[in-house]
Structures are given as C-alpha cells and as structure tokens.
Amino acid sequence: RNLQGEFALLSGCKVNGYEIHMGETSEDSSIVRFSDIQVNGRNVIDGSVSGNILGSYLHGLFDSVYIVGRLIDILAKRKGIDVYSEGMQDTNTYKQKQYDLLANLVRDNIDMNSLYSIIGVA
C-alpha cells in the first residue's frame with residue numbers, strides 16, 4: 001500500500017509476522033488502510049493510519065530491522081535528528097543478547113548448585 005505523509009517511508013515494505021485478534025475492525029473514511037491480508041480467501045484490514053498514528057494487528061512488525069529502521073528515521077525526522085539506520089542489529093540478535101545478560105545476572109546472584117539440588121538436577 002502507498003502511504004502518504006509521515007509514514008510514506010513504509011510504503012511497499014514487506015514483513016513477516018502473524019496476526020491474533022478477536023472481533024472485527026470497522027473503517028472510518030478519515031482512516032487510511034495500512035495493509036490488507038488474506039484470510040480465508042478474502043481481504044481483511046490488518047492496520048490503519050490516521051495522521052501520525054499507525055496501528056496494526058501484526059505481531060512481529062518490530063522484528064524487522066528494516067521496518068524498525070524506517071520507523072526510527074520517521075521519528076528522528078520529526079524531531080529534527082539526523083539518524084542513520086546502518087549498523088543496526090536485527091531484533092532477534094538483540095533479544096538473544098538481552099536474554100544472555102539476564103541469564104548471567106541470575107547466575108551471578110543465585111547459588112546455582114542449591115537451585116539445581118532443589119529442582120532435582122544433578
């Protein structure tokens with residue numbers, strides 16, 4: 001979908017993800033569809049844009065470094081900040097590093113041998 005205004009940088013972007021939601025989405029003439037997806041052979045609204053607000057049912061939207069980079073560019077431009085998306089790591093790599101930091105913090109602050117004994121792992 002070709003978007004206008006602040007979200008024009010997202011036009012034509014492809015992402016992978018999944019959708020979970022209940023109920024139905026209704027359209028308002030002042031809202032522009034952000035994207036459509038196929039569900040059981042028919043188009044359904046997945047997200048919409050109104051002014052500087054973008055909404056989507058798509059889970060995984062922020063797992064794409066490309067989309068995140070574009071969103072950062074949009075927000076930075078609005079704030080007058082010059083930001084380059086180059087060198088950004090993908091979300092899964094970032095998440096794994098954060099999980100590793102958390103695991104190390106837990107290991108450093110818990111008596112792991114006692115924990116293993118309590119849960120019956122030798």
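Look up: the structure comes first, before these words.
Residues numbered from 1 in each chain as written. Predicted model: local features only at pLDDT ≥ 70, side-chain atom pairs only at ≥ 80, totals over all residues. Heavy atoms only, no water.

**Q** Please clarify how the overall build of the protein should be interpreted in this entry.
**A** Of regular secondary structure, the protein possesses 3 helices and 5 strands. Listed by position from the N terminus, the elements making up the protein come as β-β-β-β-β-α-α-α. Relative to its 122 residues, the protein shows a buried fraction of 18%. Here the analysis covers contacts within the protein between residues at least 6 apart in sequence; of these, 49% occur between residues at least 24 apart. As presented, the protein carries roughly 9400 Å² of accessible surface, and 53% of it is formed by carbon and sulfur atoms. (Helix = DSSP H or I, 4+ residues; strand = E, 2+ residues; numbered from the N terminus. Buried < 20%, exposed > 50% of the residue type's maximum accessible area, 1.4 Å probe, protein only. Contact = heavy atoms within 4.5 Å. Areas by Shrake-Rupley, 256 points an atom, 1.4 Å probe, with all protein chains shown as cover.)

**Q** Explain a nonpolar patch on the surface here, please?
**A** A cluster of nonpolar side chains, namely L102, L105, V106, I110, L115, Y116, I118, I119 and V121, defines an oily patch on the protein surface of about 810 Å² accessible area. Of all elements in the fold, only α2 (91–109) and α3 (112–119) reach the threshold of two or more residues within the nonpolar patch. Position of V121 relative to the elements: it lies in the segment after α3. For V121, a relative accessible area of 43% gives the class partly exposed. (Patch = residues over 30% accessible without salt bridge, like charges linked within 9 Å, V, L, I, M, F, W, Y side chains within 5 Å. Salt bridge = Lys/Arg side-chain N within 4 Å of Asp/Glu carboxyl O.)

**Q** I tried to follow the nonpolar core on my own but got confused; where do I start?
**A** For soluble globular proteins, the rule of thumb is that nonpolar side chains tend to be buried together. Within the largest apolar cluster, 8 residues are counted, these being F7, L10, V49, L58, L61, I67, L71 and I74. Tallying contributions element by element places helix α1 (residues 65–79) first for this core, with 3 residues. (Core = buried A, V, L, I, M, F, W, Y, C linked by side-chain atoms within 4.5 Å.)

**Q** Help me understand the pattern of salt bridges in this model?
**A** A side chain of one charge can pair with a side chain of the opposite charge when the charged atoms of the two come close. Overall, the coordinates contain 1 salt bridge when judged by the stated rule. Among the ionic pairs, K95 bridges to D63, the shortest N-O distance being 3.4 Å. Remark: D63 occurs in the loop between β5 (58–59) and α1 and K95 occurs in helix α2; sequence separation between them is 32 residues. Given a relative accessible area of 33%, K95 falls into the partly exposed group.

**Q** Mind showing me how you'd approach α1 here?
**A** Because the α-helix completes a turn every 3.6 residues, residues three or four places apart line up on one side. Look at α1: 21 Å from first C-alpha to last across 15 residues, which is about the 21 Å you get at 1.5 Å a residue. G80 lies just past α1 and shows a positive phi near 75°. (Expected span 1.5 Å × (residues − 1).)

**Q** Sorry if this is basic, but what is going on with the environment of K77 here?
**A** Locating K77 in the fold gives a position in helix α1. You can call K77 exposed: its relative accessible area is 70%. Taking C-alpha positions, K77 is 9.2 Å from E6, a pair spaced 71 residues apart along the chain.

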